[in-house]
Each structure stands twice: as C-alpha cells, then as structure tokens.
Amino acid sequence: RPNHPAYIGSKATLLEKVGRFDEGLELVRPFIKDKQYFPAIATAFAKLSRHSKEAETAIQYIESTLATSRELKNRDTIDASLSAASFESNLHFELAKLYDRLGNYDEAFMHYRKYNDSVGDSIGDRDFEDNFDKMQKVFTSQFMATAPASTIVTEKPVFIVGMPRSGTTLTEQILASHPAVVGGGELSDIKSIADHLPVILHSKHPYPECLSELTQSAVDNAAKRYLNTLNEISSSAPHVTDKMPHNFAQLGLIRLMFPEAKIIHCVRNPIDNCLSIFFSQFNKAHTYAADLNRLGEHYTAYTRLMDHWNSLFGEHILEH
C-alpha cells in the first residue's frame, strides 16, 4: 500500500532527517492541500516546516489532525497500531516546537506540558535520588582512603559528566577535534560494571553497598573490561571520551578504577538546564524529566552528590 498515509509520513520524515526537504514536502503536500488529516503526515510536515516558512500552516494542520484524531483511529488500520495517546503526545510536542519557533511561548509551554503530562507516568519513582543518597553514604572519605584502587595506570579515559542537556555533547565535540582525542559517545559500560559487581564479588548486598567487599582483582578486572571497550573504539588514540551524563553518579567507582582519569563536569544554569530537559523527548528511564517539581528535586539531589564528590576529590574534577 504505497499510498498509505503512514508510509508516506514515515518516508517524508526520513527524507527530512537526511536533508532532502523539498522531496519530503512534495510527498506530504497533497494531504495538506486536500485537508486529509493523518498523524504521520502531521508529524512529518511539522519537522519539514522547520526548514521552510510554513510553520503556521503546519500548526493549523496539526491542530486539525488532533481535532479529528479519534475518528481517524477508528478507520485507519495501520495508524491503529499506535494508541491515540501515543501519537497525540507526539503532536503536542511538535506543536510546542513550532509555537516556540514563532515566539508564541505561552502556547508552546502549554503544549510542552500536555506532552509531558501524557508521558510522565512514573513521576513518583525516586530511584535516581535514592541511589544518589546511597552513594554519599558508601563513598565516604574513610572508604576512599582504604578501598583498593586499580593498579592499572592510564590516562586514556576522559569522563564527561553532568545533567542531560548541560553541554556534554558540545564538550565532547570540542575535545574530539584534537588529534589526541577520539569521541566515544555515551557508553553504558560503567553502569553495567556497577550493576554486575554484586555477582562478581559474590555479595548478598546490592551496589553500592557491596563495595565493602571490593577486592583488588575485582577493581583491576573492571578497569581492564572498560579499557577493552575504549580500545575497540580506538586502540591508538591517547584519549577516548565517554560522555554518558549520568556517570556523575558513578564518580566514586570511576576514581577507584582510574585514579589518573580526567573528569570533566559540565555545568549549566539550573533553570536553563531543567527547562531544556522539560522541552525535550526522553525515554521512560528518565522518570524525572516530565514534571517540573520532580526536575527541581532531581537537580537538587544531583548538586548534593556533586558537592560530595568535590569534597572527596574535587582536585580531579574539572568544571566546564
């Protein structure tokens, strides 16, 4: 069914991603002209309109699509594979970006809120903050002075940490422009190592409480495992960056694994940072991102943890 709106919309969206804007607009324009309202077409048109002067037309089309969405769901078999709430939330997000572009900030904020209200089903989940508190209880100055640190001496890892939307990507791009640095992107290895430590240590306690049983061989093997990943990215580069933002929660473990590693902490104005998160699309792992109160609580917990790390080894943390 090559003329199905879901297919046309998906293809137009892909054309926008690769910069073929005119081709994408040519695909969706017949639907716009004939006032045929389909979510996939609306999403594609919203993205394509950012590269033309058709933002207001795109807003009108999306608003009309939302108004007729339930009727469309009943008669459109492919689009019916998505729940009404799913595509409606995405259209609210696209509307928010369009209104923001036109300087209509009240309308933009309203649609950002509608989008976040529709996806924020885990607002009460405080796993992140509880984990931050555990780190401060386990990683004390006494523990850091007596815990086994890796015997592997290397300056290859460069950890770029901070809140999401704090500038970690730009910082990595700047560093990777240097011939001695290769950008590794967001690596999940440190979190994976932390999650597996209870099994490795044969401990009955979860991480980070299991670190009371940390051995020299365990921390050395953890460092080797991580270095294997960096060497797969580049075996020759003197430095490889890891810009996983939430590695800020693992800085105690990182210090034990790599005492010589550089740690760069990206700091942005708190209000700018939290609003930028609220105005972005995050997956459900970021349970704090969809509610401004939760964002404030999360940011406060993050700053407490960073203050704790700075009190322990602040001379090894570079703030940017």
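Residues numbered from 1 in each chain as written. Predicted model: local features only at pLDDT ≥ 70, side-chain atom pairs only at ≥ 80, totals over all residues. Heavy atoms only, no water.

Participant: What am I meant to see in the environment of Tyr112 here?
Facilitator: Along the chain, Tyr112 falls in helix H7 (residues 105–119). A sequence separation of 141 residues divides Tyr112 from Leu253, and the C-alpha atoms of the two residues are 37 Å apart. (Helix = DSSP H or I, 4+ residues; strand = E, 2+ residues; numbered from the N terminus.)

Participant: Quick question: what am I supposed to make of the pattern of salt bridges here?
Facilitator: Applying the stated criterion to the full structure yields nine salt bridges. Close ionic contact of Glu23 with Arg20 constitutes a salt bridge, the shortest N to O distance being 2.8 Å. Given a relative accessible area of 36%, Glu23 falls into the partly exposed group. For Arg50, the salt bridge goes to Glu94, with nearest N and O atoms at 2.5 Å. Linking Arg50 in the loop between helix H3 (39–49) and helix H4 (55–67) with Glu94 in helix H6 (residues 84–101), this pair joins segments that are 44 residues apart in sequence. Here Glu94 falls in the buried class, since its relative accessible area comes to 3%. (Salt bridge = Lys/Arg side-chain N within 4 Å of Asp/Glu carboxyl O. Buried < 20%, exposed > 50% of the residue type's maximum accessible area, 1.4 Å probe, protein only.)

Participant: Would you mind showing me how to read the nonpolar core here?
Facilitator: Side chains of nonpolar character tend, in soluble globular proteins, to be buried together. The biggest cluster of nonpolar side chains holds 82 residues, and the ones touching the most others in it are Phe139, Tyr207, Tyr226, Phe248, Leu251, Met257 and Trp309. Here this core takes eight residues from helix H15 (residues 292–313), the largest share from any one element. Contact partners of Tyr207, with chain neighbours within four places excluded, come to Met135, Phe139, Ala194, Leu197, Pro198, Gln250 and Leu253. (Core = buried A, V, L, I, M, F, W, Y, C linked by side-chain atoms within 4.5 Å. Contact = heavy atoms within 4.5 Å.)

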